[in-house]
Amino acid sequence: MAAGTVGEVLEGSDDRRAGASNKITLRLKIRRYNPEVREDSWWDEFEVRMLPNDRLLDALHEVKWRYDGTLSLRRSCAHAICGSDAIMVNGQNRLACKVLVKDVAPKCTVEPIRGLPVLKDLIVDMEPFFAGYRSVLPYLIDDGSEPDTERPQSPEDRHRFDDTTKCILCACCTTSCPIFWGDEGYVGPAAVVTAHRFIYDSRDVAAGERMKILSDKSGVFRCRTTFNCTEACPRGIQVTKAVQEVKRSILFDRF
Amino acid sequence: MTTFHTYDAVIVGAGGAGMRAAIATSDQVRTAVISKLYPTRSHTGTAQGGVCAALANVEEDYPEWHAFDTVKGGDYLVDQPAALIMCGEAPRDIYELEHWGLPFNRTPDGKIDQRRFGGHTRNHGEAPVKRACYAADRTGHMILQTLYQQCVKRNVRFFNEFYVLDLLMNEGRVAGVVAYELATGELHVFRAKSVMMATGGSGRMFKVSSNAHTLTGDAPAIAYRRGIPLEDMEFFQFHPTGVYKMGILLSEAVRGEGGILLNSEEERFMERYAPTVKDLAPRDLISRAIFQEIKEGRGVGPGKDGVWLDVRHLPREVIEEKLPDVTEFARLYLSVEPTKELVPIQPTAHYSMGGIPTDENGLCVTGPEETPVPGLYSAGECACVSVHGANRLGTNSLLDIVVFGRRGGAHMAEWSKTVDHVALPGDPESFTRGLIDPILARTEGVPPVEIRDRLQETMYDLAFVVRTAEGLSKMKGILDELKTQYAQVLIQDKGKMYNTDLMEAVELGFLLDNAEPLVVAALAREESRGGHYRDDFPERDDERWLKHSLAYREEDGSVRLEFKDVKLGTYVPMERKY
């Protein structure tokens, strides 16, 4: 990544308000699909002028707002925490709000994430993804006691599952997984990450139940450890490591 | 083709307030939660620093101290009984979230850890106190995930990507809502005994904002168009530390952990404005201090319109363990390495203190006499209880959504058990058809981006941290022009499936209907209080203005103002020093 200096960044940012420019050209090639218009997908190309530190999401907005209002995508927070705008950028899953124009210019290819049915342009059907999430009992199951204050948990116990609490359910990992592409029944890495978050939480008592679910034929052993998921995660979660930890616990731990 | 549904309780919005309410209603009455997003995309998830409760896990603390800070922080426009409820019930709600699995950071002895936050003090202002419970700098993310998990556990019925566009009333009671299904373009009428509006904020009316693109004041606008007044809309919070020019929030937790603000001379200027709590003064004070520094020529950046946030002196482990996300925002979006370099920031439009007026149970109340609207509830940022008064303290928004989401949900469940459905009004979807059909049919007009850009730029220039009669009057004139243009808003997508072009055009109309009450009430309020600062009336004026504003939409589209008393209590308004 070409890191600009503070001065450069500020110059660029100020231009945004002033309307002046040291803008650069970004040529976007976007895979389109709209069953109301035609049966198969097609490619459209757009050339936009953007500031180097603008987000790819800003460039897609530029297209939508100034060139083609029919371009459809999901987005909300625009700073990589809501998980709405997972797309494939030059063949890799990314959040559109976490890619800077300067890192993909002068041209980049944008497609919907793979393995989920495309509904329109960059919008996919998220339901199979959330079905995987729901299948792993994605909530704390406690021992039934009702203490008056908090359940104690040591900082070490808390740290044990810290990484997997970061998941924003964007589906970047699951839709980068070749096993998931071939078999929508596979729960996928995001569901395993969710299970991991509870299995290693000292306050939870249902690890055995979750591991039983994940040892099923559509469960965690479908994973072939390609590390696509870890590379795709915009939150920097060690997804493959979490999957391997769950596998190992199923094989060696007594629950 | 319109589809009809019948529920007891319908909740509009699936952020923290909506989902907390759904947990309270779903095992009591037939409940539907309708959101234009997927629930986990809601803006609650972006809250970073913490949620306050006087648990006294780290330092001596009491709910009463918290209530005092809330009232003083709100510049005495807070309804004090509501603040006492919120701060008194805070520990209960925090423990509940913990029992539901929220992964709070822990003290060495295994309790929920707590840290400092702006405006939260020990013993009525003596010194900052450690009151904010937190999960690294993703507390809101963990609250949103935990509440969603609990909804999944309870099989709560969600209608995701359904956009509510109208509130149905009959015989003075709530009859339901009308929603537009994004996937198909079809309308759905939801008949209900009670409706809770919980759609969050409206910060997208300003050019520089921490708010998501989707925060367009939907619920306030829908209610306003149906004759419900909006309370205290002139009070908008401008958070001091937004990413320079982008507005993305850099949490107050940065200063809670020891970060400081510097001007162009690298002077810690907050020592002059708030000698006791310095960089942990409430947000309105700091934003104004920043504007003052800029005005006196000590701003940074090419436009000299920002200041520095400095964390270079903080221990590496504090930055990496307690502020990881915030640090990454600086690295990613500014290419700045905060452990070694100063981070340029500037105030960003963050939070609407005003909204749909409610009582302490989330029930909507109108007029100076607070007449209830049976069956209509609201909670979270789009509501005005009012616990935040003229300026919300950091962390109190997350507390607001869990306390009043729960209380509102419980009350609407009880109400829904005791009444029958009121009949739907005739032709229930006609208002909604009148909203969207002309936009779809229009073949020439003004693109939404032109109207939205001008709205955001002018609101930023004329109705932001520093306001004047001249600027606000000018803004009012611009809004009249923009409304005329909006009547001719033109979109390109005429299809039915995922027509986000149409959705954004509707959102823009909602933003205009939030901006106008804000500007009219701000022009009327000839004083400075909390987030509302008038350069031409720089002092607070309790004699004339210790009162809430209520903005009504008149038949001709103009705004009519009423006022109602503030519910005072033991805290007598005094000068606000920190």
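The notes below deal with the structure included here. (Residues numbered from 1 in each chain as written. Chains lettered and ligands numbered in written order. Predicted model: local features only at pLDDT ≥ 70, side-chain atom pairs only at ≥ 80, totals over all residues. Heavy atoms only, no water.)

### Observations concerning the layout of surface pockets
All names here are of chain B.
Moving on, step 1. Taken as a whole, the second largest pocket spans an internal volume of roughly 760 Å³.
Moving on, step 2. Around the second largest pocket, the lining is made up of 22 residues, and of these Leu285, Arg288, Ser528, Tyr533 and Pro538 lie nearest the centre.
Moving on, step 3. Ranked by residue count, the leading element in the lining of the second largest pocket is helix H8 (residues 283–295), at 6 residues.
Moving on, step 4. Split into classes, the residues belonging to the lining of the second largest pocket amount to 8 nonpolar, 4 polar and 10 charged. (1 Å grid on protein atoms, 1.4 Å probe; cavity = no way out; pocket = protein on both sides within 12 Å on 5 of 7 lines; lining within 4 Å. Points joined across faces, edges and corners; volume = space filled by probe spheres on them. Helix = DSSP H or I, 4+ residues; strand = E, 2+ residues; numbered from the N terminus. Nonpolar A, V, L, I, M, F, W, Y, C, P; charged D, E, K, R; others polar.)

### Observations regarding the side chain of Ser251(B)
Residue and element names in this part refer to chain B.
Moving on, step 1. Mapped onto the elements, Ser251 comes out in the loop between strand S13 (236–243) and helix H6 (253–256).
Moving on, step 2. The exposure class assigned to Ser251 is buried, which follows from its relative accessible area of 3%.
Moving on, step 3. There is a polar contact of 2.8 Å between the side chain of Ser251 and the backbone nitrogen of Ala253.
Moving on, step 4. For Ser251, the contacting residues outside a window of four places in its chain are Gln48, Gly49, Phe117, Thr241 and Val326. (Buried < 20%, exposed > 50% of the residue type's maximum accessible area, 1.4 Å probe, protein only. Polar contact = N/O pair within 3.5 Å; in protein donor to acceptor, adjacent residues only side chain to side chain. Contact = heavy atoms within 4.5 Å.)

### What to know about the pattern of salt bridges
All names here are of chain B.
Moving on, step 1. For the structure on display, the rule yields 83 salt bridges over all chains.
Moving on, step 2. We note a salt bridge from Lys417 to Glu414, for which the minimum N-O separation is 3.4 Å. Residue Lys417 and its partner Glu414 are located together in helix H11 (residues 396–418), separated by 3 residues, close to a single helical turn.
Moving on, step 3. For Lys417, a relative accessible area of 43% gives the class partly exposed.
Moving on, step 4. In the salt-bridge network here, residues are joined through shared partners; they are Asp75, Glu234, Asp284, Arg288, Arg525, Glu527, Arg529, Arg540, Asp542 and Arg576. (Salt bridge = Lys/Arg side-chain N within 4 Å of Asp/Glu carboxyl O.)

### A short note on the interface of chain A and chain B
Moving on, step 1. In this assembly, 76 residues from chain A lie in contact with 72 residues from chain B.
Moving on, step 2. Roughly 6,300 Å² is buried in total at the junction of chain A and chain B, and carbon and sulfur atoms are behind 53% of that figure.
Moving on, step 3. Counting across the chain A and chain B interface gives 8 salt bridges.
Moving on, step 4. Residue Arg74(A) is joined to Glu161(B) by a salt bridge in which the shortest nitrogen-to-oxygen separation is 2.5 Å.
Moving on, step 5. Between chain A and chain B we count 41 residue pairs in polar contact (both at pLDDT 80 or more) in total.
Moving on, step 6. Of all the elements in the fold, those that place two or more residues in the side of chain A that touches chain B are helix H1 (6–18), helix H2 (56–66), strand S6 (118–120), helix H4 (127–135), helix H5 (155–160) and helix H7 (189–199) of chain A.
Moving on, step 7. The element contributing the most residues to the side of chain A that touches chain B is H1(A), with 8 residues. (Buried area = accessible area lost by both parts, 1.4 Å probe.)

### With respect to empty space enclosed by the protein
Moving on, step 1. Scanning all chains against the criterion turns up 11 cavities of 30 Å³ or more.
Moving on, step 2. Approximately 220 Å³ is the volume attributed to the second largest cavity.
Moving on, step 3. Taken together, 19 residues make up the lining of the second largest cavity; nearest its centre are Leu73(A), Arg74(A), Arg75(A), Thr500(B) and Met503(B).
Moving on, step 4. Residue assignment for the lining of the second largest cavity shows that the elements contributing at least two residues are H2 of chain A together with helix H15 (500–524) of chain B.
Moving on, step 5. Here the element with the most residues in the lining of the second largest cavity is H15(B); it accounts for 4 residues.
Moving on, step 6. Its residues assigned to classes, the lining of the second largest cavity shows 7 nonpolar, 4 polar and 8 charged.

### Notes on the sheet that holds S13(B)
All names here are of chain B.
Moving on, step 1. As summarised here, the arrangement of the 4 strands in space is S13-S16-S15-S14, forming an open sheet in which the pairing is antiparallel. Of all the strands in the sheet, just S13 and strand S14 (260–262) have a single pairing partner and so form its edges. On average, adjacent strands in this sheet sit at an angle of 45° to one another, irrespective of strand direction.
Moving on, step 2. Alignment of S13 against strand S16 (residues 343–352), held across 6 bridges, turns out to be antiparallel. The partner of Gly242 across the bridge, within S16, is Gln346. (Pairing = 2+ DSSP bridges. Axes fitted to C-alpha atoms, helices over the stretch in contact; angles between N-to-C directions.)

### Examining the packing of aromatic side chains
The description of an aromatic ring pair rests on the distance of the ring centres and on the angle between the ring planes.
Moving on, step 1. Within this structure, the stated rule accounts for 24 aromatic pairs over all chains.
Moving on, step 2. Ring geometry for Tyr460(B) versus Phe464(B): centroids 4.5 Å apart, planes at 55°, classification tilted.
Moving on, step 3. For Tyr460(B), a relative accessible area of 11% translates into the label buried.
Moving on, step 4. An aromatic cluster of at least three residues, connected via ring pairs, comprises Phe129(A), Phe130(A), Tyr133(A), Tyr38(B), Tyr148(B) and Phe158(B).
Moving on, step 5. Across from the ring centre of Phe159(B), 4.0 Å away, lies the NZ or CZ of Arg157(B), which sits over that ring. (Phe/Tyr/Trp six-rings, centres within 6.5 Å; stacked < 30°, edge-to-face > 60°. Lys NZ or Arg CZ within 6 Å of the ring centre and 35° of its normal.)

### So, the nonpolar core
In globular proteins that are soluble, nonpolar side chains generally tend to be buried together.
Moving on, step 1. One finds Leu28(A), Leu56(A), Leu60(A), Ile94(B), Leu97(B) and Tyr333(B) to be the most contacted residues of the largest nonpolar core, which totals 171 residues.
Moving on, step 2. Grouped together as the second largest cluster of nonpolar side chains are 77 residues, Ile123(A), Ile228(B), Leu435(B) and Ala522(B) included. (Core = buried A, V, L, I, M, F, W, Y, C linked by side-chain atoms within 4.5 Å.)

### Focus: unusual backbone geometry
Moving on, step 1. In this chain, Ala105(A) is followed by Pro106(A) through a cis amide linkage whose omega measures 10°.
Moving on, step 2. In this chain, Val385(B) is followed by Ser386(B) through a cis amide linkage whose omega measures 10°.
Moving on, step 3. Its location among the elements puts Ser386(B) in the loop between strand S20 (383–384) and H11.

### As for the environment of Arg331(B)
Residue and element names in this part refer to chain B.
Moving on, step 1. Residue placement: Arg331 occurs in helix H10 (residues 324–334).
Moving on, step 2. Relative accessible area serves as the criterion here: at 28%, Arg331 is assigned to the partly exposed category.
Moving on, step 3. Taking the C-alpha atoms as reference, Arg331 lies 44 Å from Leu187; in sequence the two are 144 residues apart.
Moving on, step 4. For Arg331, the residues in contact, after removing those within four places along its chain, are Arg316, Glu320, Val336, Glu337, Pro338 and Thr339.
Moving on, step 5. Engagement of the side chain of Arg331 in a polar contact is seen with the side chain of Glu337, the distance being 2.8 Å.

### Some words on the state of the cysteines
Residue and element names in this part refer to chain B.
Moving on, step 1. Tallying each qualifying case throughout the model produces 0 disulfides over all chains.
Moving on, step 2. We note that Cys52 lacks a disulfide partner, and the nearest cysteine sulfur, in Cys133, lies 7.1 Å from it.
Moving on, step 3. Overall, Cys52 belongs to the buried group, its relative accessible area being 0%. (Disulfide = S-S within 2.5 Å.)

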